[in-house]
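What follows is the residue order along each chain.
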Amino acid sequence: MEGTSDFLGRDVVSIRDFKRDQLEVLFQSVQELEENPRSLDGQLKGKLVVLLFFEPSTRTYSTFHIAAENLGMKVSGFSNPAGSSVTKGETLHDTIRMFEEYGADLFVIRHTMQGSPRFAAEITEVPVINAGDGSREHPTQAMVDLYAIRKSFGKIDGLKIGILGDLKYGRTASSLAYALANYDVELTFIAPDALKMRPEVQQFLERRGATTESVTDLKGVVGDLDVLYVTRIQKERIPDPTEFEKVKGLYQVNLEALARAKPSLKVLHPLPRVDELSAEIDTTNYANYFVQAAAGLPLRMVLMTNILGGAS
Ligand code: NCD
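All of these numbers come straight from a predicted model, not from anything done at the bench. For every chain, the first residue of the written sequence is number 1, and numbering continues from 1 onward in sequence order. Predicted model: local features are reported for residues with pLDDT of at least 70 only, side-chain atom pairs are reported and counted for 80 or more only, and whole-chain, interface and lining totals are derived from all residues. Side-chain measures were taken over the full set of non-hydrogen atoms in the model, leaving aside hydrogen atoms and water.

Undergrad: Hey, could you run me through the overall build of the chain in this one?
TA: The helix and strand tally for the chain stands at 11 helices and nine strands. Within these notes, the globule rule equals 2.2 Å times the number of residues to the 0.38 power, and the radius of gyration is based on C-alpha atoms. The C-alpha radius of gyration computed for the chain amounts to 19 Å, which stays within 12% of the reference 20 Å derived for 312 residues, consistent with globular compactness. If you line up the chain on its principal axes, its C-alpha atoms span 55 × 45 × 40 Å. Under the scheme applied here, a residue whose accessible area is under 20% of the maximum for its type counts as buried, over 50% as exposed, and between as partly exposed, the area being computed with a 1.4 Å probe on protein chains only. In the chain, buried positions account for 54% of the 312 residues. Residue contacts follow a heavy-atom distance rule, with two residues in contact if any of their heavy atoms lie within 4.5 Å. The long-range fraction of contacts in the chain, counting pairs at least 24 apart against all pairs at least 6 apart in sequence, stands at 74%. Each accessible area value is a Shrake-Rupley result obtained with a 1.4 Å probe; residue values ignore everything except the protein chains displayed when judging cover. Carbon and sulfur atoms make up 48% of the accessible area of the chain, which totals about 13,400 Å². What counts as a helix is a DSSP run of H or I of at least four residues, what counts as a strand is a run of E of at least two, and both are numbered from the N terminus.

Here it is as structure tokens:
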């Protein structure tokens, strides 16, 4: 597979570590896999992937799991630390060391603490994929998001993209913003003041010369957007319950909110949704979030194959 070497043996800790042409090679392979879904089956036969999920997950965990099985891999680890020795106080360091001894070829780590996947990558030679660390990053979700946009529009350059919701604590929003800095897009951040995009993300985008604007309300900008990326309020990450009470229910994307949207607008959402995205959108042409979620499977198959060199 062309471009495999760009990913061979690499950690995927931050989306900032990947350049546009590397992502494009990946997306081309995902497109080919979508056209021929069984073409990578068994490519990583016998390799062991260890999924260490210290936080709840539905899509990320299950797509990595199904992707690994399709590739013929053995899967170990846990989806819930409550059933592991983590509850006895075992450290991430020792957990990594043990699975190395058991023959891990790849780690996929989701953790409440930011920086945990980076720490893991520093202590093991085995490649590490960050499946979400605290409020910071979720690089494979950003790859899925870019792929979904590219699939809908045939391109990413030239689009006006709004990212709405909890931009302060949402890791998918920050990873997507970082990823979009590789493209020529106009970015609009839409968030209540208390949930504004974090300064370090804004500064990164400025350094990269990205065009961004920040607003508090969807109404004034919805008519200009090609893509509206909606995110839920990260209740579990907001340190103060009174802070959550102030922001809960502040925004909801429903038909009324999209009244002035372009007919070609695509609404994305990393899911899970709570109350910020009405089910009445599901049956409209705006809805793109289930297509987006579906892309997680082929994307993670291609990514793991490229890291472990299965199809070279
Ligand atoms: C997201 C996450 O875990 O950050 N879910 C996902 O992986 N698709 C989004 C969220 O929890 O809001």
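Undergrad: Help me understand the domain arrangement of the chain, please; the structure alone is not making it clear to me.
TA: Size of an interface, as often reported, equals the accessible area lost when the parts are brought together. Domain extents, as shown, originate in an automatic or database domain assignment. Split by domain assignment, the chain resolves into domain 1 (4-134 + 296-308) and domain 2 (139-293). Its C-alpha centre places domain 1 at a distance of 25 Å from the equivalent point of domain 2. Each partner contributes to the interface: domain 1 provides 31 residues, whereas domain 2 provides 25 residues. Values labelled buried area give the accessible surface lost by two parts on being combined, using a 1.4 Å probe and summing over both. Between domain 1 and domain 2, roughly 2,300 Å² of surface is buried when both sides are summed, and carbon and sulfur atoms account for 55% of that area. When the buried area of domain 1 at its contact with domain 2 is split by residue, Ile-15, Arg-20 and Arg-59 rank highest and sum to 28% of it. Salt bridges are defined by distance alone: a side-chain nitrogen of Lys or Arg within 4 Å of a carboxyl oxygen of Asp or Glu. Where domain 1 touches domain 2, the interface holds five salt bridges. Lys-151 is the partner of Glu-34 in a salt bridge, and the nearest nitrogen-oxygen pair spans 3.1 Å. Here a polar contact means two N or O atoms within 3.5 Å. Within protein one must be a hydrogen donor candidate and the other an acceptor candidate, and residues neighboring in sequence count only if both atoms are side-chain atoms. Linking domain 1 to domain 2 there are 13 residue pairs in polar contact (both at pLDDT 80 or more).

Undergrad: Can you walk me through helix 6 (residues 139-153) in this structure?
TA: Counted at 1.5 Å a residue, the expected span for helix 6 with its 15 residues is 21 Å, and the 21 Å between its end C-alpha atoms agrees. Taking burial as the measure, the 15 residues of helix 6 include 12 buried ones, the bulk of the element. Among the residues making up helix 6, those that are buried are Pro-139, Thr-140, Gln-141, Ala-142, Met-143, Val-144, Asp-145, Leu-146, Tyr-147, Ala-148, Ile-149 and Arg-150. Looking one or two places after helix 6, you find Gly-154, whose phi comes out positive at around 75°. The span you would expect from a helix comes to 1.5 Å times its residue count less one.

Undergrad: Just checking my understanding: could you explain the site of the ligand for this structure?
TA: The criterion for a residue being near a molecule or strand is simple. One of its heavy atoms has to lie within 4 Å of it. Close contacts around the ligand come from Thr-60, Arg-110, His-138, Gln-141, Arg-171, Thr-172, Arg-232, Gln-234, Pro-270, Leu-271 and Pro-272, and that covers them all. One of the side-chain N or O atoms of Gln-234 is found 2.8 Å from an oxygen atom in the ligand. The separation between a nitrogen atom of the ligand and a polar main-chain atom of Leu-271 is 3.0 Å. Contact with the protein chains covers 94% of the free accessible surface of the ligand, which is 310 Å². Gly is put with the polar residues, along with every residue not named as nonpolar or charged; the nonpolar set is Ala, Val, Leu, Ile, Met, Phe, Trp, Tyr, Cys and Pro, and the charged set is Asp, Glu, Lys and Arg. Split into classes, the residues belonging to the shell around the ligand amount to three nonpolar, five polar and three charged.

Undergrad: In this structure, what is going on with the nonpolar core? I would like to understand it.
TA: If you look at soluble globular proteins, the nonpolar side chains tend to sit buried side by side. If you look at the biggest cluster of nonpolar residues, it comprises 63 residues, and the most contacted ones within it are Phe-27, Ile-129, Met-143, Leu-146, Ile-161, Ile-163 and Met-304. Formed jointly, this core draws a minimum of three residues from each of two domains, domain 1 (4-134 + 296-308) and domain 2 (139-293). Discounting residues that sit within four places of it in the chain, Phe-27 has contacts with Met-143, Leu-146, Tyr-147, Arg-150, Tyr-183 and Leu-299. Here, nonpolar core refers to any group of buried Ala, Val, Leu, Ile, Met, Phe, Trp, Tyr and Cys residues whose side-chain atoms link them within 4.5 Å. In terms of nonpolar packing, the next biggest core, distinct from the first, is built from 25 residues, Leu-225, Val-230, Tyr-251 and Val-253 among them.

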